[in-house]
Amino acid sequence: MKFIFADSLDYVDPAFDFIADRSPAERQPYWDDAYPHEILGYAPYDGVLVSRGIIGDHRVKGKYTSSQARRFHLVGARKFLRLDKPQFKDLDIFGDCGAFTYVQEERPPYSATEMAEFYDECGFTHGASVDHIIFDFDPAATGMAGGSDDAKARFDITLENADAFRREALAMDASFKPLGVVQGWSPASMAEAARRLVAMGYDYLALGGMVPLKSPEIKLCLEAIRDVIPSSTRLHILGFAKADDIDGFHGFDIASFDTTSPLIRAFKDAKQNYYLPGDGLALRYFTSIRIPQAIENPKLQRTVKKGIFRAEDLVAMESAALSALRAYDAGGADIDDVLQAILIYSAALVEEKSYAECRDSILLARLAVRYRETLMEKPWKQCGCPICATVGVEVIIFRGSNRNKRRGIHNLAIYHEHIERLDLKRAVHRPYDLSRSLCATKR
Amino acid sequence: MTYLAVCARQSDEHQVLTFAATAGDILRFATIDRIGRSAQGVLSGFQRPQVAAHIREIRDYLEKPNAVLPNPIVVAFIQGVTVEAREEGSARLQIDVSSGAPGLVVDGQQRLSALTELDRDFQVFVSALICRDEAELRRQFVLINNTKPLPKSLIYELLPSVDDLPPRLSRRSAAAEITARLNYENTALKGYIKQHTMPEGSIADTVVQKVVMESLSNGVMRELVRMPKGEDRCVKIVSNFFDAVKRVFPLDWHGHKPATSRLLHGAGIQALGDVMEVLAQRADARSIDDFEEGLACLKGRTAWTSGEWHFGDEVRRWNGLQNINRDVALLKHYLVGVVKADLRRRAKAAPAPLLDGLPDA
Ligand SMILES: [Zn+2]
């Protein structure tokens, strides 16, 4: 089972100075920054997926700047992602249209020909056909029953595009592997789409529209699809948001899936921000400590504009929290004192009040419980990955992209190992076993 | 706190004095009050929030041993000060900080914030303005902060002659230098670029700078500029490209202005900048002939001076393209698409180089 990381310019600045809290003045974004496979020194994934929608163009607003987009088109995916080194040559580069970026449109903005040319010119190893997301999932609908007119129109568009896309790829003798995308409004309609894609000649299918579905619903779809396609047909799950449940998907013979979830969770999840291997085949999660930049955080800035806090006072609370945490990490502070310093600042952030006014708040109390666990366990000391080994306690601080994305990249490393441990077909490879078992004995 | 200050005769209603102090001392007698409203909706304070990036840039500068900061921090008082006049326009200024800082920083808060982070004994001038009430003080703030900034194109033109700039400006400076050379040396664009000092030019200097800056940061010039005589190579490649443009579209170029030909217009120049990149990076074009060969496929498929552009399902009259992001992107996508398709076609048509590597080939 291949874990493909869905990239969206997820890089960090290796020269970032955590104490001064800044990049060198001469830093040039992208050029001086490091992708996960660069900062770690190895790839924490089996491949990378780049969505056309993330790159963007005049029709779809992407995440790339226009000059980055232009460079991507000119030099191709592998060179742009800096995977053009011998040690990364076996990494796959998947492409899809990023159907979420044009869900509102009646038709996808890209033609099958255009996408095939794009994948071919930019050196993708795998390219997904041009799909159109279908909403209103109905797990109970049987056969081709159910489905709104819009859903049926999108179903047809997706299949017509898949047919044209495959012919186009064959005609141009494309160097990428075409994947036919499955879209449907129910397990049965998805199975029908999969059956037709196989009839067209596809032997690698990608399941689209999985992002809003819960794990049991995804399993229903997989079951229905597996029932009607040959066992040799490979399956990919596009945008697999439930990546942490992957061990429950073993029976479906998934060849690959892409997700960005371990990275995103580092700064989008309320609680589960930092991953460690847990008991058996599970993962264990920790809450990161939120200490945002006082003069950059929009919420704190609002309190200043409204006259609730003075910026100078927020800056003082922020720096007290940071130094307390660092002192604690160095063994020079008591856990209650650190927690106190952090909560004083958190009060401004979560309650927009001074700590004295809201020390009994439920939100703060909940935060305190989770922070205490993180502080007690010091998970950053239990990981030997190049990020934790280099930046230590900074990785657990929820603050700015350089800490947050480093934590996300650490999560990718832990997650990749997790997949490899689950994947019994592959050799077991656990680079950090030693440091982990050392910590386990200490505990 | 007591300072010996110099007074200036300016107004009967206000007293204006100046003296030197460190950032630490200034913050003892003045606060950076920001605009806000009390729970009753009463407006208080007046400063915008600090801008972190700006503060950093100032701090980077001030850390240098040769840094100077001749312009003063302006602090206004409505109370807490006594001025005792002395001879020859000087005065003894006493500030009472026993019940907090009475002064308010009216101008220079970013500089002051940068100074407080500085690990250096550095004095700045303080201009103290003594006002009769808060309303007057707010009025002064608006007046002081409402000065018109210098025109951008003048600043950009001055940049190449200024050393030791922050990186943001030095990148801009390199592009400004190449743009100026294109305008004054013997190049395809000589005299065509409208600059502060070349008002008769027609192509906006900011547009040419944009093309150059893009290329320097993410395109072909990024590599060229690092080679020996890098800047000459950059000037040369742009010049060669536009010489080729003139050859391919002579009637749309000569005798035209941006208003009469989209070829000399912001949208056209920027879109052509992308075409230059494609040809330079995908087809290794460097000479006028190389570029001309790559541009030839656009003949008959453009509407620079009349007719219509056909962008897939969108049709635009020739002058319906404006220098706005969307239109520029649309034109780029179209031109680059035609050129890339042509490159693909020619690559397929070319027979495999069978004799490659043989001594006679
Ligand atoms: Zn780690």
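Just so you know, these numbers come straight off a predicted model, no measurement behind them.

Residues and elements named next belong to chain A. Around the zinc ion, the protein contributes the donor atoms Cys383 (SG), Cys385 (SG), Cys388 (SG) and His410 (ND1), at 2.0 to 2.3 Å from the metal centre. What the four donor atoms of the zinc ion show is an angle range of 103 to 118° at the metal, which sorts the shape as tetrahedral. Sequence spacing among the residues donating to the zinc ion works out to C-x1-C-x2-C-x21-H. Of this pair, Cys388 sits in helix H15 (residues 386-391) while His410 sits in helix H16 (residues 400-422), and the two are 22 residues apart along the sequence. Per residue, the accessibility class of Cys388 equals that of His410, and both read buried.

Before going further, it helps to examine the sheet that holds strand S10 (residues 123-130) of chain B. Hydrogen bonds between backbone atoms are what pair the strands of a sheet, whose relative direction is either parallel or antiparallel. All names here are of chain B. Spatially, eight strands are ordered S3-S9-S6-S10-S2-S1-S8-S7 in an open sheet, and the strand pairing comes out mixed. Two strands close off the open sheet at either side, each with one partner strand: strand S3 (30-31) and strand S7 (81-85). Bridging between strand S6 (residues 73-77) and strand S9 (residues 103-107) involves three bridges; their strand directions are antiparallel. Note that in S9 the partner of Val75 across the bridge is Val105. Lying on the sheet, helix H3 (residues 109-116) is in contact with S6, S9 and S10; it crosses S9 at an angle near 115°.

Attention now goes to the pairing of S9(B). Residue and element names in this part refer to chain B. Most of S9 is tucked away, with four of its five residues classed as buried. In terms of strand pairing, S3 meets S9 through two bridges, oriented parallel. Opposite Thr31, over in S9, you have Leu104 as the bridge partner.

Per the domain assignment, the segments making up chain B are domain 1 (2-145) and domain 2 (152-349). The straight-line distance from the C-alpha centre of domain 1 of chain B to that of domain 2 of chain B is 47 Å.

Residue and element names in this part refer to chain A. All chains considered together, the criterion is met by 41 aromatic pairs over all chains. The interplanar angle of 75° and the centroid separation of 5.0 Å between the aromatic rings of Phe16 and Phe18 together place this pair among those described as edge-to-face. For Phe18, a relative accessible area of 11% corresponds to the buried category. A network of ring pairs unites the aromatic residues Tyr11, Tyr30, Trp31, Tyr35, Tyr64, Phe72, Phe80, Phe118, Tyr119, Phe124, Phe165 and Phe176 as a single cluster. A cation over a ring is seen here: Arg265 above Tyr285, with NZ or CZ 5.5 Å from the ring centre. Sitting over the ring of Tyr328, Lys378 keeps its end group 4.6 Å from the ring centre.

Conventions used here
Residues numbered from 1 in each chain as written. Chains lettered and ligands numbered in written order. Predicted model: local features only at pLDDT ≥ 70, side-chain atom pairs only at ≥ 80, totals over all residues. Heavy atoms only, no water. Donors = N, O, S within 2.8 Å, 3.2 Å for Na, K, Ca; no water. Tetrahedral: all angles 85-135°; square planar, octahedral: opposite > 155°, others 65-115°. Helix = DSSP H or I, 4+ residues; strand = E, 2+ residues; numbered from the N terminus. Buried < 20%, exposed > 50% of the residue type's maximum accessible area, 1.4 Å probe, protein only. Pairing = 2+ DSSP bridges. Contact = heavy atoms within 4.5 Å. Axes fitted to C-alpha atoms, helices over the stretch in contact; angles between N-to-C directions. Domains from an automatic or database assignment. Phe/Tyr/Trp six-rings, centres within 6.5 Å; stacked < 30°, edge-to-face > 60°. Lys NZ or Arg CZ within 6 Å of the ring centre and 35° of its normal.

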